[in-house]
Amino acid sequence: VVPSTPTGWGSEQGQEAIWKSIGHAQENYNIDPNRVFVYGGSMGGYGVCSTITARTDFFAAACPFIGCSDLTGYAENFSNVCFYIVVGEKDPYVDNKAAKLTADRLKELGYDVTFREMKDKGHEVPPSEYPPLVAKLRKTSRNMYAPKLQRGNGSGRWYWLECGGDSDGEYAGQTVTVKGSVSAV
């Protein structure tokens, strides 16, 4: 699914294009809902970041390439999302600091993250970077039954709960224990 937008992926128009495209693909193709990945390069990498922060429950993996927002403030929300981040060491257009901070925070939390800084590369992704990505995604699926879910920032749909601020939840069997501002969806 490759939508396009003149206003940027984080804009209302950009997010609408992404979700309409995903909806169209789901309606017309046999898509495993536990193996939906979001990928984007350059401005699309920033779109990946906007999209994943809005719906952490929807994707098995987020793959921002040569463009990544600082997601450290949202990192606790991504316990159930695999990240695959690629940057160019000598990128003249994108400061890689945000990508590095995000990857470091996700690793610190013990989450599934691959961070690749392409030595001597700029704002391009050589074809040799795609086979490792595909190999990783082949082994990745969404776990709808994570033992602990947490929202440290933001609001929006969160698996089967609607959260408005800091929340923490755990489940055992059919019991969900939630601390924070939450209502069932």
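The following refers to the structure shown. If you're wondering where the values come from, they're calculated on a predicted model, not measured in any experiment.

Reading the values: the criteria
- Along each chain, residues carry numbers from 1 onward, in the same order as the chain's sequence is written.
- Given that this is a predicted model, residues contribute local features only at a pLDDT of at least 70 and side-chain atom pairs are listed and counted only at 80 or more, while totals for whole chains, interfaces and linings are drawn from all residues.
- Hydrogens are left out, water is left out, and the side-chain values use all remaining heavy atoms of the structure.
- Only DSSP runs of H or I covering at least 4 residues are called helices, and only runs of E covering at least 2 are called strands; the numbering of each starts at the N terminus.
- Here, residues are in contact when the closest pair of their heavy atoms is within 4.5 Å.
- Two strands pair under a simple rule: DSSP has to find at least two bridges between them.
- In this description, a line fitted to the C-alpha atoms serves as the axis of each element, helices being fitted only across the stretch in contact, and the angle between N-to-C directions of two axes falls anywhere from 0 to 180 degrees.
- We count a salt bridge whenever a side-chain nitrogen from Lys or Arg sits within 4 Å of a carboxyl oxygen from Asp or Glu.
- Throughout, exposure labels follow a simple rule: accessible area from a 1.4 Å probe, protein chains only, divided by the maximum for the residue type, with under 20% read as buried, over 50% as exposed, and the rest as partly exposed.
- Working definition: rings of Phe, Tyr and Trp (its six-membered ring) pair if their centres are within 6.5 Å, and the pair is stacked with planes under 30 degrees apart, edge-to-face with planes over 60 apart, and tilted otherwise.
- A ring has a charge above it when a Lys NZ or an Arg CZ is no more than 6 Å from the ring centre and no more than 35 degrees off the ring normal.

1. Brief notes about the overall build of the protein
Turning to step 1, where the next piece is worked out: Across its full length, the protein carries four helices and eight strands.
Turning to step 2, where the next piece is worked out: The secondary structure elements of the protein, listed N-terminal to C-terminal, are α-β-α-β-β-α-β-α-β-β-β-β.
Turning to step 3, where the next piece is worked out: Taking contacts inside the protein between residues at least 6 apart in sequence as the whole, the part at least 24 apart equals 53%.

2. Notes on the sheet that holds strand β3 (residues 82–88)
Turning to step 1, where the next piece is worked out: Here we have four strands laid out as an open sheet, ordered β1-β2-β3-β4, and parallel in their pairing. Every other strand in the sheet has two partners, leaving β1 (37–41) and β4 (113–118) as the edge strands with one partner each. Strand-to-strand twist across the sheet, computed as the mean angle between neighbouring axes with direction ignored, equals 5 degrees.
Turning to step 2, where the next piece is worked out: Inspection of the sheet shows β3 paired to β4 by six bridges, in the parallel sense. Bridge pairing in β4 places valine 87 opposite glutamate 117.
Turning to step 3, where the next piece is worked out: Strands β1, β2 (61–65) and β3 of the sheet are contacted by helix α2 (residues 43–54), whose axis makes an angle of about 150 degrees with β1.

3. Topic: the pattern of salt bridges
Turning to step 1, where the next piece is worked out: One pass over the full model with this rule turns up eight salt bridges.
Turning to step 2, where the next piece is worked out: Where glutamate 76 meets arginine 105, a salt bridge forms, and the shortest distance between an N and an O atom there is 2.4 Å. Placement of glutamate 76 in the loop between β2 and β3 and of arginine 105 in helix α3 (residues 97–108) is noted, with a sequence separation of 29 residues between them.
Turning to step 3, where the next piece is worked out: With a relative accessible area of 16%, glutamate 76 lands in the buried category.
Turning to step 4, where the next piece is worked out: With its nearest N and O atoms 3.0 Å apart, the salt bridge here joins glutamate 117 to lysine 100. Here lysine 100 lies in helix α3 and glutamate 117 lies in strand β4, a separation of 17 residues in the sequence.

4. Quick notes on the packing of aromatic side chains
Turning to step 1, where the next piece is worked out: The tally for this structure, following the rule as stated, stands at eight aromatic pairs.
Turning to step 2, where the next piece is worked out: Ring centres of tryptophan 19 and phenylalanine 59 lie 5.7 Å apart, and the angle between their planes is 45 degrees; on these two criteria the pair is classed as tilted. Within this pair, whereas tryptophan 19 is found in helix α1 (residues 12–28), its partner phenylalanine 59 is found in the loop between α2 and β2, the two being separated by 40 residues in sequence.
Turning to step 3, where the next piece is worked out: Overall, phenylalanine 59 belongs to the buried group, its relative accessible area being 1%.
Turning to step 4, where the next piece is worked out: Ring plane angle 70 degrees and centroid distance 5.0 Å describe the contact between tyrosine 39 and phenylalanine 65, whose orientation is recorded as edge-to-face. You can see tyrosine 39 sitting in strand β1 and its partner phenylalanine 65 sitting in strand β2, a full 26 residues away along the chain.
Turning to step 5, where the next piece is worked out: Residue class for tyrosine 39 comes out partly exposed when judged on its relative accessible area of 40%.
Turning to step 6, where the next piece is worked out: The ring of tryptophan 19 carries arginine 55 above its face, with NZ or CZ at 5.4 Å from the centroid.

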